[in-house]
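The primary structure of each chain is shown beneath.
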Amino acid sequence: NFLMYSQFLGIAAVLAGHAVLHDRQCGTLTFLLLAPVRRTELLTGKVLGAIGPACALYVLISGGASLVMCTFDMSDAYATYLPTNPAWWVAFLTGGPAWALFIGSICTIVSSLAHDVRTAQQGVWFVVFFATMFCGALLTYALSEGVLAQFGVTVLALGGVFITQLIGASLMSRDLSR
């Protein structure tokens, strides 16, 4: 489970880490900032576009592998960490995607602050290292604590998404003054 969550978050973070920087380098960011959409909507679109492919892989590969693992007799000892546990479903369907949104939002902010690809990559990998360790461990640990604990982990991530969206929206506005 730890690898399932940490790899999902890592892929989402790396994809989000170039979202804004690419538009700035191509010269389209100013036009996007002048479009009749709020900055939070623009940032949300960038994050959702970045985590979409990672989420599809997460559901197909990790979800499928976990369902297959339930069919083996030896998996009975690890039922807490498999789809036989209702907390696993909460973590898989809400916790993982919520943390991917949060980490993707942070990496999009890193992308908006970076001046070149190398700087963005270094910042994103710094975030990825600590975030995947923390989130993967948190989501896995909360499996044994039950459904309410998993919902608490999800709410924590969504609170982080809200805060990072506000911060990111204000930071993106500085590109109009360049």
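Residues numbered from 1 in each chain as written. Predicted model: local features only at pLDDT ≥ 70, side-chain atom pairs only at ≥ 80, totals over all residues. Heavy atoms only, no water.

1. Re the packing of helix α2 (residues 19–26) against helix α5 (residues 86–113)
- Between α2 and α5, whose axes approach to 6 Å, the crossing angle comes to 25°. Classified by the angle their axes make, α2 and α5 are roughly parallel. Contacts between α2 and α5 involve Ala19, Val20, Leu21 and Arg24 from the first element and Thr108, Ser111, Ser112 and Leu113 from the second.
- Across the contact of α2 with α5, the residue classes break down as four nonpolar, three polar and one charged. (Axes fitted to C-alpha atoms, helices over the stretch in contact; angles between N-to-C directions. Helix = DSSP H or I, 4+ residues; strand = E, 2+ residues; numbered from the N terminus. Parallel < 35°, antiparallel > 145°, perpendicular 65-115°, else oblique. Contact = heavy atoms within 4.5 Å. Nonpolar A, V, L, I, M, F, W, Y, C, P; charged D, E, K, R; others polar.)

2. Re the nonpolar core
- Core analysis: the biggest nonpolar cluster contains 34 residues, and Tyr5, Trp99, Ile103 and Cys107 have the highest contact counts within it.
- When contributions to this core are tallied by element, the ones reaching two or more residues are α1 (2–16), α4 (39–69), α5, α6 (117–141) and α7 (147–172).
- By residue number, the principal contributor to this core is α5, which donates eleven residues.
- Every residue in contact with Cys107, bar those within four places of it in the chain, is listed here: Ala13, Ala16, Gly17, Val124 and Val127. (Core = buried A, V, L, I, M, F, W, Y, C linked by side-chain atoms within 4.5 Å. Buried < 20%, exposed > 50% of the residue type's maximum accessible area, 1.4 Å probe, protein only.)

3. Thoughts on the pattern of salt bridges
- Applying the stated criterion to the full structure yields one salt bridge.
- A salt bridge links Glu41 to Arg38, with the shortest nitrogen-to-oxygen separation between them at 3.2 Å.
- We classify Glu41 as partly exposed; its relative accessible area is 40%. (Salt bridge = Lys/Arg side-chain N within 4 Å of Asp/Glu carboxyl O.)

4. Quick look at the layout of surface pockets
- By volume, the largest pocket is sized at about 210 Å³.
- Taken together, Asn1, Leu3, Met4, Ser62, Ala65, Ser66, Met69, Met74, Ser75, Tyr78, Tyr81 and Leu82 make up the full set of residues lining the largest pocket.
- Put simply, the parts of the chain that give the lining of the largest pocket at least two residues each are α1 and α4.
- Among the elements that make up the lining of the largest pocket, the one with the highest residue count is α4 (four residues).
- Its residues assigned to classes, the lining of the largest pocket comprises eight nonpolar, four polar and no charged. (1 Å grid on protein atoms, 1.4 Å probe; cavity = no way out; pocket = protein on both sides within 12 Å on 5 of 7 lines; lining within 4 Å. Points joined across faces, edges and corners; volume = space filled by probe spheres on them.)

Function cannot be inferred from these measures alone, as they are strictly geometric.
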